Amino acid sequence: MTEPEEKLGSEVHPAATLLPWYLNGTLREEERHEVARHLRECQPCRTELDELSRLRQQVKAAYADLPGLSPQAFRSVIATIRQERRDQPERQRVFRWERAGSSSWLDALDRWLRPMFAPRWVPVLASTLIIGQLALLLWVAGKEPAIAPRNIPTSTDGVVSRGIPTATARYRVAFQETAPEGKIRTVLHDIRGRIVDGPSPDGFYTIEVPASDQALLEKQLESLQRQADLIRSVERLKS
Amino acid sequence: MDTTHEQNIVEVQIMAAVASGDTQAFERLYHVYEKRVFQYVSTFVRDQTVAEEIVVDVMVAVWRGACTFTNTSRVSTWIFGIARHKAIDALRKVIRSEHESMALDNVAHLPNPAEGPVESIDRKQVAALTRQAIAKLSREHQEVIRLAFFEDLPYEEIAILLGIPVNTVKTRVYYAKQQLKQQLDRLLSRESVP
């Protein structure tokens, strides 16, 4: 529905329509500056502002003097909500602030998690679990490993590795020029090897393989030597 | 940061407590809003008993719906939105007599005609005259005068509450103010005539 008074006359300054909010202090910063600038130059708007200010005071006084609700209304509301509290004591009431721009996701998470800790036994259980985990961690950290691999450095070596080191061996391998890449990859896969250096000017690669068992390494070397169609030369490097 | 903004931050915290089921926080919120909601509802429903029943409904709805408050508007806008919805709903149901008079019209003290301008009469008399003048405005004008001059809501929030464009809010408040001034001047001049 369009009401005739909803359109402003051309004689009305646009700034004049913002004066009520200039007075109640809810204009955005740039609008406030704009209105203030206009007021410095416009006498009719200054008069309008004075008039509005007086009217605003009068309206506030007029409404402030009006009576409020009867105490019975308050009793009625409180009785209703207390009854609801009794009926639904475990009801989780969480703000739906995930959609809100002005609230951070941390606030939303906080409000989401907070009701979960409302029952008294929850913090006790959580604390017990944390203490238990801490005790377990300290116990595990304090235990010496039963069998330490020979090549794993210890704190007494002066250097402590951050990773989990494994024993390795290296082969010096030259592939046939006609060897397809797919077959070379299969060979590497079979021996769980990886190229760590090469090719050298004479076509040799250095391949590193896990070396937990010496007998296995010997078999592996023999197997590589048998694949003459793929491998031109292979030898084990001294570690 | 303006006072109403700071006030809203406090109210948002109270709302969070209400949402978590804190009845004391709700009582605090109730006392902040009971009279304001009652008066706002009274701009729609002139029967004070009905208005009071609506406020009870509104406050219970605030309690039940606190967890749905999204903080995208002020708490006051949210509560007045509920109040407006319920008041309009009630308005449709209530059958009013054509000559029903609003309590606002029943002003006890009118200014002494000899006293002349508004500055010379006491505060209570001015308030009474202003109430009389407000009561003569259309419901739409009464509503925006209250929201902009008494509740100090930003025009964007009034637009959201009323479901109208912001420019319409500005225009409506501008003309509501003109109407209010005319009514006040008329009342004052009537009182000035011997």
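Relevant structure appears above.
Residues numbered from 1 in each chain as written. Chains lettered and ligands numbered in written order. Predicted model: local features only at pLDDT ≥ 70, side-chain atom pairs only at ≥ 80, totals over all residues. Heavy atoms only, no water.

## Section: the overall build of chain B
(1) Moving on: Counting secondary structure elements, chain B contains eight helices and zero strands.
(2) Moving on: Along the chain direction, N to C, the helices and strands of chain B fall in the order α-α-α-α-α-α-α-α.
(3) Moving on: In chain B, which comprises 194 residues, the proportion classed as buried is 58%.
(4) Moving on: Surface summary for chain B: the accessible area is close to 8,500 Å², and the carbon and sulfur share equals 50%. (Helix = DSSP H or I, 4+ residues; strand = E, 2+ residues; numbered from the N terminus. Buried < 20%, exposed > 50% of the residue type's maximum accessible area, 1.4 Å probe, protein only. Areas by Shrake-Rupley, 256 points an atom, 1.4 Å probe, with all protein chains shown as cover.)

## Some details on unusual backbone geometry
Residues and elements named next belong to chain A.
(1) Moving on: The residue after Gly198, namely Pro199, is reached through a cis peptide bond having omega 0°.
(2) Moving on: With respect to the helices, strands and loops of the structure, Pro199 is situated in the loop between β2 (194-197) and β3 (204-210).
(3) Moving on: One non-glycine residue, Arg192, adopts positive backbone phi at about 55°.
(4) Moving on: Of note, Arg192 is situated in the loop between α7 (181-190) and β2.
(5) Moving on: Taking the relative accessible area as the measure of exposure, Arg192 reaches 64% and is therefore exposed.

## Side note on the nonpolar core
(1) Moving on: Ranked by internal contacts, the top residues of the largest apolar core, which has 85 residues, are B:Phe26, B:Leu29, B:Val37, B:Val58, B:Ile79 and B:Ile158.
(2) Moving on: For this core, the leading source of residues is helix α3 (residues 48-65) of chain B, giving eleven residues.
(3) Moving on: Two domains each donate at least three residues to this core, and these are domain 1 (1-103) and domain 2 (104-194) of chain B.
(4) Moving on: In contact with B:Phe26, not counting residues within four places along its chain, are A:Val77, A:Ile78, A:Ile81, B:Val18, B:Met59, B:Val62 and B:Trp63.
(5) Moving on: A:Ile191, A:Ile207, A:Ala211 and A:Val234 belong to the second largest nonpolar core, which has 18 residues in total. (Core = buried A, V, L, I, M, F, W, Y, C linked by side-chain atoms within 4.5 Å. Domains from an automatic or database assignment. Contact = heavy atoms within 4.5 Å.)

## A few points about empty space enclosed by the protein
(1) Moving on: Per the counting criterion, the structure on display carries one cavity of 30 Å³ or more.
(2) Moving on: Estimates place the volume of the largest cavity at around 30 Å³.
(3) Moving on: Around the largest cavity, the lining residues are A:Ala16, A:Thr17, A:Pro20, A:Glu48, A:Leu52, B:Val173, B:Tyr174 and B:Lys177.
(4) Moving on: It is helix α8 (residues 166-192) of chain B that provides the largest number of residues to the lining of the largest cavity, a total of three residues.
(5) Moving on: Considered class by class, the residues forming the lining of the largest cavity number five nonpolar, one polar and two charged. (1 Å grid on protein atoms, 1.4 Å probe; cavity = no way out; pocket = protein on both sides within 12 Å on 5 of 7 lines; lining within 4 Å. Points joined across faces, edges and corners; volume = space filled by probe spheres on them. Nonpolar A, V, L, I, M, F, W, Y, C, P; charged D, E, K, R; others polar.)

## A few points about the environment of B:Gln182
Residue and element names in this part refer to chain B.
(1) Moving on: Mapped onto the elements, Gln182 comes out in helix α8.
(2) Moving on: Under the relative-accessibility criterion, Gln182 is labelled partly exposed at 42%.
(3) Moving on: For the pair Gln182 and Ala133, spaced 49 residues apart in sequence, the C-alpha separation works out to 8.6 Å.

## Thoughts on the pattern of salt bridges
(1) Moving on: What the rule picks out here adds up to 22 salt bridges over all chains.
(2) Moving on: Across the salt bridge formed by B:Asp152 and A:Arg56, the nearest N and O atoms sit 3.0 Å from each other. Of this pair, B:Asp152 sits in the loop between α6 (139-150) and α7 (155-162) while A:Arg56 sits in helix α3 (residues 43-64), each in a different chain.
(3) Moving on: Using a relative accessible area of 9% as the deciding quantity, one classes B:Asp152 as buried.
(4) Moving on: Taking relative accessible area as the criterion, A:Arg56 reaches 13% and is therefore assigned buried.
(5) Moving on: Across the pair B:Glu151 and B:Arg36 runs a salt bridge whose closest N-O atoms are separated by 2.6 Å. Of this pair, B:Glu151 sits in the loop between α6 and α7 while B:Arg36 is found in helix α2 (residues 23-42), placing the two residues 115 residues apart along the sequence.
(6) Moving on: Salt bridges sharing partners connect three or more residues here, namely A:Glu48, A:Glu51, B:Lys177, B:Lys181 and B:Asp185. (Salt bridge = Lys/Arg side-chain N within 4 Å of Asp/Glu carboxyl O.)

## Points about the interface of chain A and chain B
It is common to give the size of an interface as the accessible area lost on bringing the parts into contact.
(1) Moving on: Chain A puts 58 residues into the contact, and the matching count from chain B is 70 residues.
(2) Moving on: In this assembly, chain A packs against chain B so that about 5,700 Å² is buried in total across both faces, 60% of it on carbon and sulfur atoms.
(3) Moving on: For the pair chain A and chain B, the interface holds eight salt bridges.
(4) Moving on: Between A:Glu51 and B:Lys181 there is a salt bridge, with its nearest N and O atoms 3.9 Å apart.
(5) Moving on: Taken together, chain A and chain B are joined by 20 residue pairs in polar contact (both at pLDDT 80 or more).
(6) Moving on: If you list the elements that add at least two residues to the side of chain A that touches chain B, you get α1 (19-24), α3 and α4 (71-87) of chain A.
(7) Moving on: Of all the elements, α3(A) adds the most residues to the side of chain A that touches chain B, at 13 residues. (Buried area = accessible area lost by both parts, 1.4 Å probe. Polar contact = N/O pair within 3.5 Å; in protein donor to acceptor, adjacent residues only side chain to side chain.)

## Details of helix α8 (residues 214-226) of chain A
Residues and elements named next belong to chain A.
(1) Moving on: Taking 1.5 Å as the rise per residue, α8 with 13 residues should run 18 Å; its terminal C-alpha atoms sit 19 Å apart, in good agreement.
(2) Moving on: Listed as buried for α8 are Leu217, Gln220, Leu221 and Leu224. Within α8, the buried residues cover an arc of 100° as seen down the axis, which keeps them to one side. Structural note: α8 exposes Lys219 and Arg226 on the side pointing more than 90 degrees away from its buried face. (Expected span 1.5 Å × (residues − 1). Arc of directions from axis to C-beta.)

## Considering the pairing of strand β1 (residues 168-175) of chain A
Residues and elements named next belong to chain A.
(1) Moving on: Where β1 and β3 come together, seven bridges link them in antiparallel fashion. Its bridge partner lying in β3, Thr168 is registered against Pro210.
(2) Moving on: Note: β1 against strand β4 (residues 231-237), six bridges, orientation antiparallel. Following the sheet pairing, Arg170 is matched in β4 by Leu237. (Pairing = 2+ DSSP bridges.)

## Notes on the pairing of β3(A)
Residues and elements named next belong to chain A.
(1) Moving on: In terms of burial, β3 is largely enclosed, as five of its seven residues are buried.
(2) Moving on: Where β2 and β3 come together, three bridges link them in antiparallel fashion. Within the sheet, the bridge partner assigned to Asp197 lies in β3 and is Thr206.

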